[in-house]
Amino acid sequence: MLATLIRIMVVNQLTNATRYADRPSVGVEEEFLLVDPRTSLVVPKNGAVVAAAHRLGGELDVEVTRMQVETRTPVCTDLRELRGEVLRQRLMAAAAARRAGVQLVAAGVPIADELHQLVTDKPRYRRMADHYGILVRESGLCGCHIHVGVADRENAVQLSNHVRPWLPALLALTANSAVHRGEDTGHCSWRTVLIARWPCSGPPPYFDSARDYDAAVSRLLDAGAVLDETMVSWSIRPSHHLPTLEVRVSDVPATADETIVLAALVRGLVAAATREIRAGREAPRIPDDHLRTAYWLAAHDGMTGRALDVHTARSTTPAELVGTLLDHVRADLEDLGDLRYVARTVERILEKGNGAQWQRRALARRGRSTDVVAVAAQRTLQPLDGSHTSVPMVRHPPTDSSPR
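None of the values given here were measured: they were computed from a predicted structure. (Residues numbered from 1 in each chain as written. Predicted model: local features only at pLDDT ≥ 70, side-chain atom pairs only at ≥ 80, totals over all residues. Heavy atoms only, no water.)

Engineer: Quick one: what's the story with the overall build of the protein, residue by residue and with numbers?
Structural biologist: Looking only at helices and strands, the protein has 15 helices and 13 strands in total. For the protein, the residues scored as buried account for 59% of the 404 residues in total. A total accessible area of about 16100 Å² is found for the protein, and carbon and sulfur atoms account for 52% of it. (Helix = DSSP H or I, 4+ residues; strand = E, 2+ residues; numbered from the N terminus. Buried < 20%, exposed > 50% of the residue type's maximum accessible area, 1.4 Å probe, protein only. Areas by Shrake-Rupley, 256 points an atom, 1.4 Å probe, with all protein chains shown as cover.)

Engineer: Give me the lowdown on the pattern of salt bridges, citing residues and values where you can.
Structural biologist: One pass over the structure, following the stated rule, counts 20 salt bridges. Notably, a salt bridge pairs R285 with E282, separated by 3.5 Å at the nearest N-O pair. Judged by relative accessible area, R285 falls into the partly exposed class, the value being 47%. Each of E59, D61 and R72 takes part in one network of salt bridges that share partners. (Salt bridge = Lys/Arg side-chain N within 4 Å of Asp/Glu carboxyl O.)

Engineer: Please set out empty space enclosed by the protein residue by residue, giving values where relevant.
Structural biologist: Going through the model one piece at a time under the given rule, you end up with 3 cavities of 30 Å³ or more. Elements represented by at least two residues in the lining of the largest cavity include exactly α14 (355–366) and α15 (369–380). Here the lining of the largest cavity takes 4 residues from α15, the largest share from any one element. By residue class, the composition of the lining of the largest cavity is 6 nonpolar, 3 polar and 1 charged. The calculated volume of the second largest cavity comes to roughly 40 Å³. Taken together, P165, W166, P168, A169, L308, D309, V310, H311 and L321 make up the full set of residues lining the second largest cavity. Only α7 (167–174) and β12 (307–309) provide two or more residues apiece to the lining of the second largest cavity. Here the residues of the lining of the second largest cavity are counted per class, giving 7 nonpolar, 1 polar and 1 charged. (1 Å grid on protein atoms, 1.4 Å probe; cavity = no way out; pocket = protein on both sides within 12 Å on 5 of 7 lines; lining within 4 Å. Points joined across faces, edges and corners; volume = space filled by probe spheres on them. Nonpolar A, V, L, I, M, F, W, Y, C, P; charged D, E, K, R; others polar.)

Engineer: Before we move on, can you summarise the environment of L34 with the specific residues and values?
Structural biologist: The residue L34 is located in strand β1 (residues 26–35) in this model. On the basis of relative accessibility, which here comes to 0%, the residue L34 falls in the buried class. Each C-alpha atom of the pair L34 and A94 lies 9.4 Å from the other, and the pair is 60 residues apart in sequence.

Engineer: So, the packing of aromatic side chains: which residues are in play, and what are the values?
Structural biologist: Aromatic rings considered in pairs are described by the distance between their centres and by the relative angle of their planes. Overall, the coordinates contain 3 aromatic pairs when judged by the stated rule. Above the ring of W358, the side-chain terminus of R361 is found at 5.0 Å from the ring centroid. The aromatic ring of W358 is capped on one face by R379, whose charged end is 3.8 Å from the ring centroid. (Phe/Tyr/Trp six-rings, centres within 6.5 Å; stacked < 30°, edge-to-face > 60°. Lys NZ or Arg CZ within 6 Å of the ring centre and 35° of its normal.)

Following this line, the structure appears as structure tokens:
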């Protein structure tokens, strides 16, 4: 069924790539691990890597632990442009890592060792460590955040209500943290399981308005569950300082193409939701327990096993769930000119596997986590088709990825 749907979508792709007059802007943030290329263990050298990136003419950010760095693309409106920027950012970060004597790896959790990591020496991170203890020292988790420009905060909350039922499908498609401590965790996205320990994570509630959303955030702040608004880490949220909707459900994808297809699907979902809102159609009020079950299944099974369609409350397969998502955003992807790329990329993921499946295959060969790290590091710098890429000269420093 899904293969047929993909063929139909590709055949029907408009040759002139009809565009939205007000094409939504999009930006990507990706978090990466820094590992010792000899031992495959993570190493606390994000400061050295950020400095090396600066000398290359690029820009990286540190993350909560010293074993992580973060890239940010400029604001883009064209998917081809965004793909080039994501590849360029990954290659620049990898070059900076090599100059610092480490290796860049796209994986949701440390593959070969424990989570207990050194916290980056910044006031905010020290405050978090004092308040949350071991949760912060076990925060070496790497995700991908997609920002889509929206009209205003009220619009962002309404869009979130429409998009939230599709988050499990996005998570399943891009799961990339099956191996941790050198063992198969039994989950395709172990990062999702670990993040669930935090007081504000996973699928957000349905909010009737921006005022309703702000009241919920105020309760979290007043209770001391979160220290500031940036720690409101639901898998989809309005930006606290920009007119964007941020989707943060995914592990950092294994390849740049998986990141781009995630960004394209998120933008397609926002475009579809915009049409629904303009037509006066309310977002479906999916029961929270249905959404939590769908989340758990997506984190556990990824693109293998079972999935839950929250719209029908029926069990399905991950491939069928992604097929339903593609059908839902088909017209919008077509109008945006993204349909051909998305359909073909999803088809390749179904044929070759996502990051979690590649991790498991690498571990199964000899039972060595070093093999998993080697494969993950290689795929970090490859398009999904496995073609060779080289580190280009950085033409200009990246700007804030959040569309303004």
